[in-house]
Amino acid sequence: MHALRASIMHCLADPGEGSDPATWEYFDDGLLLVDGGHIVNAGDATTLMRDLPADTPVRDFTGKLIVPGFIDCHVHFPQLDIIGSYGAQLLDWLNQYAFPEEAKFADAAHAREVAQAFVDELLANGTTTALVFGTVHAHSADAIFEAAEQKGMRLIAGKVLMDTNCPKDLRDDPESAYAESKALIERWHGKGRLGYAITPRFALTSSPEQLGAAGRLAAEYPDVWVHTHLAENMDEVEEIARLFPDSRSYLDVYEQFGLLRERAVFAHCLHMDDADRASMASHGGAAAFCPTSNLFLGSGLFDLASMRAAGVRCGLGTDVGGGTSLSIPRTASEAYKVLHLQEHALPATRALYLATLGAAEALYLDDKLGNFAPGKEADFVVLDYAGSNLTRRRTAAARTIEEKLFALITLADDRNIAATYVNGEAVR
Ligand SMILES: [Zn+2]
């Protein structure tokens, strides 16, 4: 067993817009006890020290803040090198930037190199778990799984399925999509901490036959994830309505093909109605709220209030490369602004929830991740208020822990990540 001494904060449930104090815990002088990759306890240092065996190593991070590892519910590792590409909305952005970049992943060595760099960037930003898109190439999934496995990370990923409305060199077909995904599930799903996600890019780039094949696979493997995009952009939504005239809505397309179920995560979910939200909640689907991407690509504003009121599981996604940062705190800061524009609030405690426990609930991993309940996996981040001069000054001027955390979230970058722990071990 070993211990870390620092301030500690975690969520027990969704704090809501009112930052309900019963839903989160903060220990100003805290102690986190870790054994064999799992949390033993978290609490007040003075109390916990009394029963601690004298020879227990204690790492002193006094003055810093330990929170659970951040979870990114939607990101594309092959788009790492096109982050911040200028001037286009979704469909043009895919054609101008994403598809040409993803074509480079036909080269397996390139896929491995980018996967390594991507995982390093996640950890540098305090992200310990992510739900990740590959490219259409099966070896892109191998590459990201191998990179995550080396670090011992809990990571979910999948090869992209796309067989229409995209460049010819990026197409699979219904049969190969099924066979390759099945082989990848058998190779990777449940291996160590890794999980597989059946990953149709979106209903625009998969034929009905391919969506059907994905649905059959999803029925065959109920414990794998489904990961796709939904209702991101108005032109996209109109095109879906034209292609699938018999579907009530965009979400209904996925439902008809058996892709709306527990462990199905839909990125964006911007242009939806109440019936969609109710259906998503009742089927156990989840939404990835990707504010930097939604603003950058001019897609729209995520309606967190309606989603949560309907009972939809929600976490944050960076959506790099449409998103502009791999930092979950920076993503939460943009989420605050998106909600502000809709006359809603995002207190720091709820931002922390969306970044940790809420995301774990969205991914059906809340029995393993998301807070410091005894027995959960020991993935956590040590945040440094003094990572930059500005964050040091600003957080010193804060009057409460909520103000302090909010300022840190608003201003933080990777300089504020003092250490990232995976499985109880510092990996950065
Ligand atoms: Zn995306």
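Notes on the structure in this doc start here. (Residues numbered from 1 in each chain as written. Predicted model: local features only at pLDDT ≥ 70, side-chain atom pairs only at ≥ 80, totals over all residues. Heavy atoms only, no water.)

**Considerations on the side chain of D172**
Working step 1: Take D172: it is sitting in the loop between β8 (160-161) and α5 (174-188).
Working step 2: Residue D172 is classed as buried on the basis of its relative accessible area, which comes to 10%.
Working step 3: For D172, the side chain forms a polar contact with the side chain of K159, separated by 2.8 Å.
Working step 4: Engagement of the side chain of D172 in a polar contact is seen with the side chain of Q210, the distance being 2.7 Å.
Working step 5: Apart from residues lying up to four places away in sequence, D172 is in contact with V136, K159, V160, L161, M162, D163, A177 and Q210. (Helix = DSSP H or I, 4+ residues; strand = E, 2+ residues; numbered from the N terminus. Buried < 20%, exposed > 50% of the residue type's maximum accessible area, 1.4 Å probe, protein only. Polar contact = N/O pair within 3.5 Å; in protein donor to acceptor, adjacent residues only side chain to side chain. Contact = heavy atoms within 4.5 Å.)

**A few points about the layout of surface pockets**
Working step 1: The volume enclosed by the largest pocket comes to roughly 170 Å³.
Working step 2: Lining the largest pocket are 14 residues, with V237, R248, S249, Y250 and D276 positioned closest to its centre.
Working step 3: Mapped onto the lining of the largest pocket, the elements with two or more residues apiece are α7 (234-243) and α8 (250-256).
Working step 4: The biggest single contributor to the lining of the largest pocket is α7, with three residues. (1 Å grid on protein atoms, 1.4 Å probe; cavity = no way out; pocket = protein on both sides within 12 Å on 5 of 7 lines; lining within 4 Å. Points joined across faces, edges and corners; volume = space filled by probe spheres on them.)

**So, the coordination of the zinc ion**
Ideal values differ by geometry: the angle at a metal is 109.5 degrees with four tetrahedral donors, but 90 or 180 degrees with six octahedral donors.
Working step 1: The coordination sphere of the zinc ion, as far as protein atoms go, consists of H74 (NE2), H76 (NE2), H229 (NE2) and D319 (OD), spread over 2.0 to 2.2 Å.
Working step 2: One can describe the donor arrangement at the zinc ion as irregular, given that its four donor atoms subtend angles of 86 to 169° at the metal. (Donors = N, O, S within 2.8 Å, 3.2 Å for Na, K, Ca; no water. Tetrahedral: all angles 85-135°; square planar, octahedral: opposite > 155°, others 65-115°.)

**Considering the side chain of S207**
Working step 1: With respect to the element layout, S207 can be found in the loop between β9 (194-200) and α6 (208-220).
Working step 2: By relative accessible area, S207 is classed as buried at 12%.
Working step 3: Within polar-contact distance, the side chain of S207 engages the side chain of D163 at 2.7 Å.
Working step 4: Not counting chain neighbours up to four residues away, the residues in contact with S207 comprise D163, T164 and P174.

**Let's talk about the pairing of strand β6 (residues 127-133)**
Working step 1: For β6, the buried fraction is high: seven of the seven residues fall into the buried class.
Working step 2: The pairing of strand β5 (residues 70-76) with β6 spans five bridges and is classified as parallel. Paired with D72 across the bridge in β6 is A130.
Working step 3: Looking at chain direction, β6 and strand β7 (residues 154-158) are connected through five bridges and run parallel. Looking at β7, one finds that F133 is bridged to G158.
Working step 4: One crossover worth recording links β6 to the parallel β7 by way of helix α4 (residues 138-151), and it is right-handed. (Pairing = 2+ DSSP bridges. Right-handed = clockwise from strand over helix to strand, strands pointing away.)

**Considerations on helix α2 (residues 90-103)**
Along an α-helix, residues three or four apart share an orientation, since each turn contains 3.6 residues.
Working step 1: A maximum bend of about 35° is found in α2 at Y97, where proline P100 lies one to four positions downstream.
Working step 2: Buried within α2 we find L90, W93, L94, A98, F99, E101 and E102.
Working step 3: The inward-facing, buried residues of α2 contact β5, α3 (108-124) and α7. (Bend = angle between axes of the 7 residues up to and from the residue.)

**Here's the deal with the nonpolar core**
Working step 1: Core analysis: the biggest nonpolar cluster contains 110 residues, and F118, L155, L230 and M280 have the highest contact counts within it.
Working step 2: Looking at this core, the element that brings in the most residues is α3, giving seven residues.
Working step 3: Beyond its immediate chain neighbours, meaning those up to four positions away, L155 contacts L122, A130, V132, I144, F145, A148, R193, L194 and G195. (Core = buried A, V, L, I, M, F, W, Y, C linked by side-chain atoms within 4.5 Å.)

**As for the packing of aromatic side chains**
Working step 1: The full count for this structure, using the stated rule, is eleven aromatic pairs.
Working step 2: Between the aromatic rings of Y254 and F266, the centroid separation amounts to 5.6 Å while the plane-to-plane angle is 40°, which identifies the pairing as tilted. Of this pair, Y254 sits in helix α8 while F266 sits in strand β11 (residues 264-268), and the two are twelve residues apart along the sequence. Side by side, Y254 and F266 carry an identical accessibility label, which is buried.
Working step 3: Within the aromatic cluster, the residues linked to one another by ring pairs are F77, F105 and F118.
Working step 4: The side chain of R216 reaches across the aromatic face of Y178, ending 6.0 Å from its centre. (Phe/Tyr/Trp six-rings, centres within 6.5 Å; stacked < 30°, edge-to-face > 60°. Lys NZ or Arg CZ within 6 Å of the ring centre and 35° of its normal.)

**Digging into the packing of helix α13 (residues 348-355) against helix α16 (residues 401-411)**
Working step 1: In contact at an axis separation of 8 Å, α13 and α16 are set at 55° when each is read in the N-to-C sense. Between α13 and α16, the crossing angle belongs to the class labelled oblique. Between α13, through A348, T349, A351 and L352, and α16, the contact on the second element is made entirely by E402, L405, F406 and I409.
Working step 2: Residues that form the contact of α13 with α16 fall into these classes: six nonpolar, one polar and one charged. (Axes fitted to C-alpha atoms, helices over the stretch in contact; angles between N-to-C directions. Parallel < 35°, antiparallel > 145°, perpendicular 65-115°, else oblique. Nonpolar A, V, L, I, M, F, W, Y, C, P; charged D, E, K, R; others polar.)

**Quick notes on the sheet that holds strand β2 (residues 24-35)**
Working step 1: The mixed open sheet is built from seven strands, whose spatial order is β3-β2-β1-β4-β14-β15-β16. Each of the sheet's edge strands pairs with one partner strand only, and the pair in question is β3 (38-44) and β16 (425-426).
Working step 2: Note: β2 against β3, six bridges, orientation antiparallel. Each residue of the ladder has a partner; that of L31, found in β3, is G43.

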